[in-house]
Amino acid sequence: MASDPVSIAKSVVEQELSQLFGEVEAAAKHTSPRLSQLAWIIRDFTLRGGKRFRATLVLAGFWSRRWGRELDDDVRKVMASVELLQSYLLVHDDIMDRDEIRRGGPTAHAWFRDVCVKEGLLADCPHYGVSQGITAGDLLESLAVRLLSSTSPDVARPLISRYTDGLMKVAFGQYLDVLLASLPLELVSEQDVITVHTLKTASYTVELPLHLGAIASRESSTKLLNELSKYAIPAGVAFQLRDDIIGLFGKTEVTGKPVGSDVVQKKKTLLVVKAYEFAGESAREKLREIYSTGKQPSVDGVNFVVRTVEGTGALDYTLRVIDRYVAEANRAIDEMTETSREAREFLRELLLKMAYREV
């Protein structure tokens, strides 16, 4: 493929965000020197890592009709905005999940908490960390909208409209995700899990960036956006199902998150829902104890979940579900008529990477 969207996206995002964060730091310094920590953490959190996957999909959407066309300022801003959206959602997600590690460093709220302790602030430091983490996330989201609203007048309105629609779906998905974690395991179904994955991951991780890129190209149509959606939703669900596998079986040095964090947070993944369905009564009772009580799971509890997911066939079942969604996304590519050959090739290649990446 003549142009490499991944390397281009990384370069564009680095340039655009470095400039934007420089402007934020200047504004913060002008307003009050006490804002320096806020300006620093949003830069560090956003630029310390990340594959720029969503920015790459924006570029793929922008190139969906004419692959390799020259980038303009509008699409560059959109590519940066989706990475700000990602940081915003991660900051708030980490608070809800009580995660301490993200992208190989401290989560935003953990960093603020530790600053509070180190500097001896007169505050409840855990609460201080959460409060300032929420503020950091809000700032990141405002910067995403700022970039979108600064695009050319003919695309700014449809971009913001599509962005807010995507954000609403994420909020729906996040609400359900938190709710399911609070329900007894026996009340959570496979469809519940898929609904959350569709709203929380597929809609904003794959569909939204593709749509924003297509809109920014000024060559989109309802038919093109529908084609991209038919690919994006099953591809995004497959991506999240694989992510759930990595979350349970992956290593911290690879995932950047603590081993077993999904178990500690009592996330009702398809792996766990099916393990409960397939298990005998003794194993079910143990799973209920881990997932349906207020007790914090021990290391032994996490290991039990891993063994049960494998032993009951829940892992194999989830792998087959991934295959089904991959097949659906591939059919969507086969049926595309509005996208270029290069775009179809890239989306097919990306699908395999999303669904079958290594633990």
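Predicted model, so just to flag it, every value in this text is computed and none were measured. (Residues numbered from 1 in each chain as written. Predicted model: local features only at pLDDT ≥ 70, side-chain atom pairs only at ≥ 80, totals over all residues. Heavy atoms only, no water.)

J.: What should I look at first to understand helix α13 (residues 281–291) in this one?
T.: Every α-helical turn comprises 3.6 residues, leaving residues that sit three or four positions apart pointing alike. Those residues of α13 not exposed but buried are Ala283, Leu287, Ile290 and Tyr291. One side of α13 holds all its buried residues, which, seen down the axis, span an arc of 80 degrees. Exposed residues pointing more than 90 degrees away from the buried face of α13 are listed as Ser282 and Glu285. Considering only its buried residues, α13 is in contact with α11 (261–264), α12 (270–278) and α14 (299–311). (Buried < 20%, exposed > 50% of the residue type's maximum accessible area, 1.4 Å probe, protein only. Helix = DSSP H or I, 4+ residues; strand = E, 2+ residues; numbered from the N terminus. Arc of directions from axis to C-beta. Contact = heavy atoms within 4.5 Å.)

J.: Can you walk me through the pattern of salt bridges in this structure?
T.: Close approach of charged atoms lets side chains of opposite charge pair. This structure, assessed with the given rule, holds 31 salt bridges. Its salt-bridge partner being aspartate 94, residue arginine 102 comes within 2.6 Å of it at the nearest N-O pair. For arginine 102, a relative accessible area of 11% translates into the label buried. Taking the relative accessible area as the measure of exposure, aspartate 94 reaches 0% and is therefore buried. As a salt-bridge pair, aspartate 177 and lysine 200 come within 2.8 Å of each other at their nearest N and O atoms. Of this pair, aspartate 177 sits in helix α7 (residues 153–181) while lysine 200 sits in helix α8 (residues 190–217); the two residues are 23 residues apart in sequence, bridging distant segments of the chain. (Salt bridge = Lys/Arg side-chain N within 4 Å of Asp/Glu carboxyl O.)

J.: Just checking my understanding: could you explain unusual backbone geometry for this structure?
T.: Trans is the prevailing form of peptide bonds, just as negative phi is the prevailing case for residues other than glycine. In this model, arginine 218 sits at a positive phi of 65 degrees, which is unusual for a non-glycine residue. Among the structural elements, arginine 218 can be located in the loop between α8 and α9 (222–249). The partly exposed category is assigned to arginine 218, whose relative accessible area is 39%. A positive phi angle, close to 60 degrees, is found at lysine 266, a residue other than glycine. Its location among the elements puts lysine 266 in the loop between α11 and α12. Relative accessible area serves as the criterion here: at 10%, lysine 266 is assigned to the buried category.

J.: Is there a simple way to explain the packing of aromatic side chains in this structure?
T.: Taken as a whole and assessed by the stated rule, the structure comprises 6 aromatic pairs. A ring pair is formed by tryptophan 67 and phenylalanine 346, whose centres lie 5.6 Å apart and whose planes are at 45 degrees; its orientation type is tilted. Residue tryptophan 67 is located in the loop between α3 (53–62) and α4 (73–97), and its partner phenylalanine 346 is located in helix α16 (residues 341–356); the two are separated by 279 residues in the primary sequence. Neither tryptophan 67 nor phenylalanine 346 differs from the other in exposure class; each is buried. Members of the aromatic cluster, connected to one another through ring pairs, are Trp40, Trp111 and Phe112. Across from the ring centre of tyrosine 317, 4.5 Å away, lies the NZ or CZ of lysine 274, which sits over that ring. In this structure, arginine 284 is placed above the aromatic ring of tyrosine 276, and the distance from its NZ or CZ to the ring centre is 4.8 Å. (Phe/Tyr/Trp six-rings, centres within 6.5 Å; stacked < 30°, edge-to-face > 60°. Lys NZ or Arg CZ within 6 Å of the ring centre and 35° of its normal.)

J.: What should I look at first to understand the nonpolar core in this one?
T.: Nonpolar side chains in soluble globular proteins tend to be buried together. Among the nonpolar cores identified, the biggest contains 113 residues, and Met79, Leu84, Leu210, Tyr231 and Val305 are the most heavily contacted of them. Sequence-distant contacts of methionine 79, that is, excluding residues within four places in its chain, are made with Ala9, Val12, Val13, Ala55, Val58 and Leu59. (Core = buried A, V, L, I, M, F, W, Y, C linked by side-chain atoms within 4.5 Å.)

J.: Where do I start with helix α1 (residues 5–31) in this structure?
T.: For α1, with 27 residues, the first-to-last C-alpha span of 38 Å sits near the 39 Å given by 1.5 Å per residue. The set of residues buried in α1 consists of Pro5, Ala9, Val12, Val13, Glu16, Leu17, Leu20, Phe21, Val24 and Ala28. The secondary structure elements touched by the buried residues of α1 are α2 (36–47), α3, α4, α6 (125–149) and α16. (Expected span 1.5 Å × (residues − 1).)

J.: Before we go on, may I ask you to explain the state of the cysteines in this structure?
T.: In protein chemistry, a disulfide is the covalent bond that joins the sulfur atoms of two cysteines. Here the structure, examined in full by the defined rule, presents 1 disulfide. Each sulfur in the disulfide pair cysteine 116 and cysteine 125 lies 2.1 Å from the other. Taking the sign of the torsion about the S-S bond as the criterion, the disulfide between cysteine 116 and cysteine 125, at about -70 degrees, is left-handed. Judged by its relative accessible area of 11%, cysteine 125 is buried. (Disulfide = S-S within 2.5 Å.)

Remember that the coordinates give geometry; whether it matters functionally is a separate question.
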